[in-house]
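Structural features, examined
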Protein chains: 2
Amino acid sequence: MDLSVFSNTLTSALAELHYGNQPQELYEPIRYSMSMGGKRIRPLLTLLGAQLFTDDWQRALRPAMAVEVFHNFTLLHDDIMDQAPLRRGQPTVHVKWNPNVAILSGDVMLVRAYELLFDIEPALLPEALRRFSQTAAEVCEGQQLDMNFEKEAHVSIAQYLDMIQLKTAVLLGFALELGARLGGASPADADHLRRFGTDIGVAFQLRDDLLDVYGDAATFGKRVGGDIVSNKKTYLLLTALEQANEAQQATLQRWIGNNAPEAAEAKVAAVKGIYDELQIRTRTEALINEYFQDALAHLEAVQAPAERKQLLRGLALQLMEREN
Amino acid sequence: MDLSVFSNTLTSALAELHYGNQPQELYEPIRYSMSMGGKRIRPLLTLLGAQLFTDDWQRALRPAMAVEVFHNFTLLHDDIMDQAPLRRGQPTVHVKWNPNVAILSGDVMLVRAYELLFDIEPALLPEALRRFSQTAAEVCEGQQLDMNFEKEAHVSIAQYLDMIQLKTAVLLGFALELGARLGGASPADADHLRRFGTDIGVAFQLRDDLLDVYGDAATFGKRVGGDIVSNKKTYLLLTALEQANEAQQATLQRWIGNNAPEAAEAKVAAVKGIYDELQIRTRTEALINEYFQDALAHLEAVQAPAERKQLLRGLALQLMEREN
């Protein structure tokens, strides 16, 4: 089986989802947000989690879409909070409409996400709902921590890893766990897949941090060095701050204090220079690889046919090697 | 049995609810919002709905709290959208903290509301979840319509009644229906109770509109005439606009166009004068009474002991006669 079978099924099913009609101001932004595309990684993980254990992976289709609708709900509300003007190159909902519309449409998306879970067979439903809710709360905790970190003078690497675990990784883990359970996996196998997912999730976010600085401007799709310009406390910056000698520390702090737009280019070059001195790229790649190897070990431990795991391994590799 | 048995049980149970600990910025606003009090009418309706059919109404306690947490979630997000500085005399969450905190805490409250439903016995769980979700989406639709109406030149009375049905009434109806089903009611009885609830809900909102103009300043708790000053399209104003002759129409439109703070007192007096000429108070009271009688007929039709219905009839009467 090819990955495209799953992603095509998903694309058609998502295109046919009905959210509601009236008032338009409530439902049009939901359709807009859901039609922006994106990689659909999370629902794909749910389907791939299910196909490890069953040929009838289609039973995981609506729950997979629940995960995607939930993910898009978080993007919608996060974009208000982060005052982001663009998402995937298009105006965000709070800009195209207004923040009130974005709040309320997001609320309905969260409700619709839950609804997509209610067809789960009764024996599995309560656990799926509980785990989904726990994950949803954790994602919100991650977003709150992320906002808190912007205002805090010192954030440790452990705090940062904990934050991305919550904000990004737990949902990838849940997506897989959910698919696995729906496919008939044992709790132990579902847990291995959850941990495969969270490891990939952390690695995925670290890769994001890395691409911001070392990505190819042509393929990355965002301005290279954007995190440096905005003093974002990424794994790269936090590691540099931790590893820097006195002089490097002083240089970093001086550039962090310099937010003049005309200095942006020099700032990126200078901070990147210190990253290079401290081998931040190598360190980050080593940590990504550590998480990736951990993820693969969890996948290895799952009691399922090796050839069925191949799709998940392939997708994970694709996520690690992506350039945008 | 006395109403206080139910409300005391509810108060203790709500006080013991755990929402989460870290980060504090996420969970402290939830505790703050839930501790502001309020009449706790909705969860009370759930418990009273259950006790019609069972002595073990305590099984409806967590689901009753789900309704209350959901209601407070809507207040939290509505207050951001309406830029309301105060709620029950205290600073709103988006003022005391900030809008981002209010968005995210509200999101978690919606998740926690769902979680309070998951202990419902498996046979009743999917229906309860579907109806809760449908109601939740309708409440959001009502809020969106309410916001739309502010900008629309013409709103019909039918549109207004439809809006308050969604924004306010369906949740009261659902609260009762949920309690009834958990207590063991037949679908027919649960539906009668739902309609009792929605009728009371509409009457309740119309009473609110009336109190704004004809309430006693000392007991009402808000500035009398606030809706007139802000040109709020209430049932009173919409009826006046529909019933007014040419001269009254012109006077109303002139005052609607006059938003000078120093003219507020004269505006309230003038608009109230037209309301009196058009017997708006009597008309509104007649409509409230119509909904109230309809509500009582639905309660009457329920197959449950008359003495157990007494509590619900009493609570409904209390809501109709309230002065604030």
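Residues numbered from 1 in each chain as written. Chains lettered and ligands numbered in written order. Predicted model: local features only at pLDDT ≥ 70, side-chain atom pairs only at ≥ 80, totals over all residues. Heavy atoms only, no water.

A count of helical and extended segments in chain A gives 16 helices and two strands. Whereas a compact globule of 324 residues would reach a radius of gyration of roughly 20 Å, chain A reaches 20 Å, a difference of no more than 12%. Its C-alpha atoms give chain A principal-axis dimensions of roughly 60 × 50 × 35 Å. Taken across its 324 residues, chain A has 59% of its residues classed as buried. Accessible surface, chain A as shown: approximately 13,300 Å² in total, 49% of it carbon and sulfur. The centroid of the 31 positive side-chain charges in chain A is displaced by 2 Å from the centroid of its 43 negative side-chain charges. (Helix = DSSP H or I, 4+ residues; strand = E, 2+ residues; numbered from the N terminus. Rg over C-alpha atoms; globule rule 2.2 N^0.38 Å. Buried < 20%, exposed > 50% of the residue type's maximum accessible area, 1.4 Å probe, protein only. Areas by Shrake-Rupley, 256 points an atom, 1.4 Å probe, with all protein chains shown as cover. Lys, Arg positive; Asp, Glu negative; His and termini not counted. Charge placed at Lys NZ, Arg CZ, Asp CG, Glu CD.)

Applying the stated criterion across every chain yields a total of 28 salt bridges over all chains. One salt bridge in this structure joins Arg59 of chain A and Asp56 of chain A, with 3.2 Å as the shortest N-O distance. With relative accessibility at 39%, the residue Arg59 of chain A sits in the partly exposed group. The exposure class of Asp56 of chain A is partly exposed, given its relative accessible area of 38%. The network of salt bridges with common partners includes Arg62 and Asp119 of chain A together with Arg130 of chain B. (Salt bridge = Lys/Arg side-chain N within 4 Å of Asp/Glu carboxyl O.)

Once that is clear, we can look at the interface of chain B and chain A. Counting from both sides, the interface comprises 39 residues of chain B and, opposite them, 39 residues of chain A. A combined buried area of about 3,300 Å² lies between chain B and chain A, and 69% of that area is made up of carbon and sulfur atoms. A salt bridge links Arg130 of chain A to Asp119 of chain B, with the nearest nitrogen and oxygen atoms 3.5 Å apart. In this assembly, chain B and chain A are joined by 12 residue pairs in polar contact (both at pLDDT 80 or more). Sorting elements by how many residues they give to the side of chain B that touches chain A places helix 7 (residues 125–151) of chain B first, with 16 residues. Along the lines of polarity and charge, the residues of the side of chain B that touches chain A split into 22 nonpolar, nine polar and eight charged. (Contact = heavy atoms within 4.5 Å. Buried area = accessible area lost by both parts, 1.4 Å probe. Polar contact = N/O pair within 3.5 Å; in protein donor to acceptor, adjacent residues only side chain to side chain. Nonpolar A, V, L, I, M, F, W, Y, C, P; charged D, E, K, R; others polar.)

With that settled, the discussion passes to the environment of Thr251 of chain B. Residue and element names in this part refer to chain B. Tracing the backbone through its elements, the reader meets Thr251 in helix 13 (residues 246–256). For Thr251, a relative accessible area of 22% corresponds to the partly exposed category. Remark: the alpha-carbon pair of Thr251 and Ala190, spanning 61 residues in sequence, is separated by 47 Å.

Residue and element names in this part refer to chain A. A cis amide bond, omega -10 degrees, links Gln22 with the succeeding residue Pro23. By the secondary structure assignment, Pro23 is in the loop between helix 1 (3–16) and helix 2 (24–35). Backbone geometry places Gln83, a non-glycine residue, at a positive phi of 50 degrees. Classification of Gln83 as exposed rests on a relative accessible area of 66%.

Let's shift gears to the relation of the copies chain B and chain A. Aligned on chain A, chain B shows an RMSD of 0.0 Å; the corresponding rotation is 180 degrees and the shift along the axis is 0.0 Å. What the superposition gives is, in effect, a two-fold axis relating one chain to the other. Of the interface residues in chain B, 100% have counterparts in chain A that sit at the interface too, so the contact is made through matching surfaces. (Least-squares fit on C-alpha atoms with pLDDT ≥ 70 in both.)

Nothing here speaks to function; it is geometry throughout.
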